[in-house]
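Overview (structure and organization)
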Amino acid sequence: MSENHEYSVSFPEKNRQNLRADCETCFGLCCVALYFSASEGFPNNKEAGQACLNLQSGFRCNIYRNLRELGLKGCTAFDCFGAGQKVSQVSFGGHDWRKVPESANQMFKVFLIMRQLHELLWYLTETLTLQPARPIQGALSSMLAKTELLTHLSPDPLEELDVSAHRAEVNTLLLKTSELVRTEARRGLKVHSQRRKTFGRGACLIAADLRKVDLRGANLRGACLITANLSGTDLSGTDLIGADFRDADLRGADFTKSIFLTQAQLNVAKGDTGTKIPLSLDRPEHWEHPYL
């Protein structure tokens, strides 16, 4: 996020670095632990715990650079938020599941839990940069610290962790943060009845043309925006947590002041050099080469 971000303070980029996938220090966990369905853009149908046919002995994918050309959107969309390297190097001390096969099943289960915890860390870290959320910053900081401690548990207690209950606790704070940010974003805006719309959680906006809709401060949490047209829109203060942007047109859209946007959401969308994104995220390569 830029330094002149209206709704945030300086971005804790060092904290976010640990929440970025580092495939070089991971044991290919996403290519093994996850269930794959060819119909959802993966190489083949496979059960959780079974290695992908493209996973090499050194835990690298042999078609990694050609995933998009091959139409493997499931692979290009996935983001572990750095959980892969945490499980590989911290939880299991660098002992991989091939050399220590008796640890494999537990490692895969822990990875799925860690991925959820790291996703929560991503959102909580962002909340601490948002000025409107200052009234609840103490609670947010405490929850961030609590979640970070959970990621350092040893495999046995991690496997037994009630991650759903913890997600519910975090979600309560994320909802409060969202309301504070969206209220601030809407403050002072001129309301145009034809442009201003209210969206409920999980709104179905498949193929919707939203170019003339005022989305500033909107709640697009969990919205289905598959093939929707958001080109040129301003999403300042818009809650995007869990929004499905598969093949959505984001050309020229401004996400710099939106909240809870992730790399995975951008990876599945269509953008261009005019799409403005937070500095915490990377511009997908296919945005520069739209034919890919």
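A few points on the structure. Just so it is clear, the model here is predicted, and its values are computed rather than measured.

1. Focus on unusual backbone geometry
One non-glycine residue, Phe59, adopts positive backbone phi at about 70 degrees. Note that Phe59 resides in the loop between α2 (30-33) and α3 (73-77). Its identity as a non-glycine residue notwithstanding, Phe81 has a phi of 60 degrees, on the positive side. Its location among the elements puts Phe81 in the loop between α3 and α4 (83-91).

2. A word on the nonpolar core
Considering soluble globular proteins, one finds that nonpolar side chains tend to be buried as a cluster. The biggest cluster of nonpolar side chains holds 50 residues, and the ones touching the most others in it are Phe199, Leu205, Leu210, Leu225, Leu230, Phe245 and Leu250. Of all the secondary structure elements, the ones that give two or more residues to this core are α5 (104-127), α6 (137-151) and α8 (163-186). The dominant element in this core, judged by the number of residues it contributes, is α5, at five residues. In this structure Leu230 touches Leu210, Leu215, Leu225, Leu235, Phe245, Ala248, Asp249, Leu250 and Ala253, once residues within four positions along its chain are discounted. Judged by nonpolar contacts, the second largest core, of 28 residues, contains Val32, Ala33, Cys80 and Met114.

3. Brief notes about the packing of α5 against α8
As a packed pair, α5 and α8 sit with axes 11 Å apart at the nearest point and diverge in direction by 20 degrees. Taken together, α5 and α8 sit at an angle that is classed as roughly parallel. Judged by the twist between their axes, the crossing of α5 over α8 is left-handed. Taking contact as the criterion, the partners of Ile113, Gln116, Leu117, Glu119, Leu120, Tyr123, Leu124 and Thr127 in α5 are, on α8, Val163, His166, Arg167, Val170, Leu174 and Thr177. Among the residues forming the contact of α5 with α8, the class breakdown is eight nonpolar, four polar and two charged.

4. With respect to the packing of aromatic side chains
Evaluation of the coordinates by the stated rule reveals seven aromatic pairs. Summarising the aromatic geometry, the rings of Phe27 and Phe59 are spaced 5.4 Å apart at their centres and angled 50 degrees between planes, so their arrangement reads as tilted. A residue pair is termed long-range when its members are at least 10 positions apart, and Phe27 in the loop between α1 (13-17) and α2 and Phe59 in the loop between α2 and α3 qualify at 32 residues. Like Phe59, Phe27 is buried. Between Phe36 and Phe42, the ring centres sit 4.4 Å apart and the planes meet at 20 degrees, which makes this aromatic pair stacked. Under the relative-accessibility criterion, Phe42 is labelled buried at 13%. Pairwise contacts between aromatic rings join Phe27, Phe59, Trp97 and Phe108 into one cluster. One residue, Lys46, lies across the ring of Phe36, its end atom 4.6 Å from the ring centre.

5. Topic: α5
Helix length check: α5, at 24 residues, gives a terminal C-alpha distance of 35 Å against a target of 34 Å (1.5 Å per residue), a fit within 8%. Summarising burial for α5: 19 of the 24 residues are buried, a large majority.

Cut-offs applied
- Residues numbered from 1 in each chain as written.
- Predicted model: local features only at pLDDT ≥ 70, side-chain atom pairs only at ≥ 80, totals over all residues.
- Heavy atoms only, no water.
- Helix = DSSP H or I, 4+ residues; strand = E, 2+ residues; numbered from the N terminus.
- Core = buried A, V, L, I, M, F, W, Y, C linked by side-chain atoms within 4.5 Å.
- Buried < 20%, exposed > 50% of the residue type's maximum accessible area, 1.4 Å probe, protein only.
- Contact = heavy atoms within 4.5 Å.
- Axes fitted to C-alpha atoms, helices over the stretch in contact; angles between N-to-C directions.
- Parallel < 35°, antiparallel > 145°, perpendicular 65-115°, else oblique.
- Left-handed = near helix turned anticlockwise from the far one by under 90°.
- Nonpolar A, V, L, I, M, F, W, Y, C, P; charged D, E, K, R; others polar.
- Phe/Tyr/Trp six-rings, centres within 6.5 Å; stacked < 30°, edge-to-face > 60°.
- Lys NZ or Arg CZ within 6 Å of the ring centre and 35° of its normal.
- Expected span 1.5 Å × (residues − 1).

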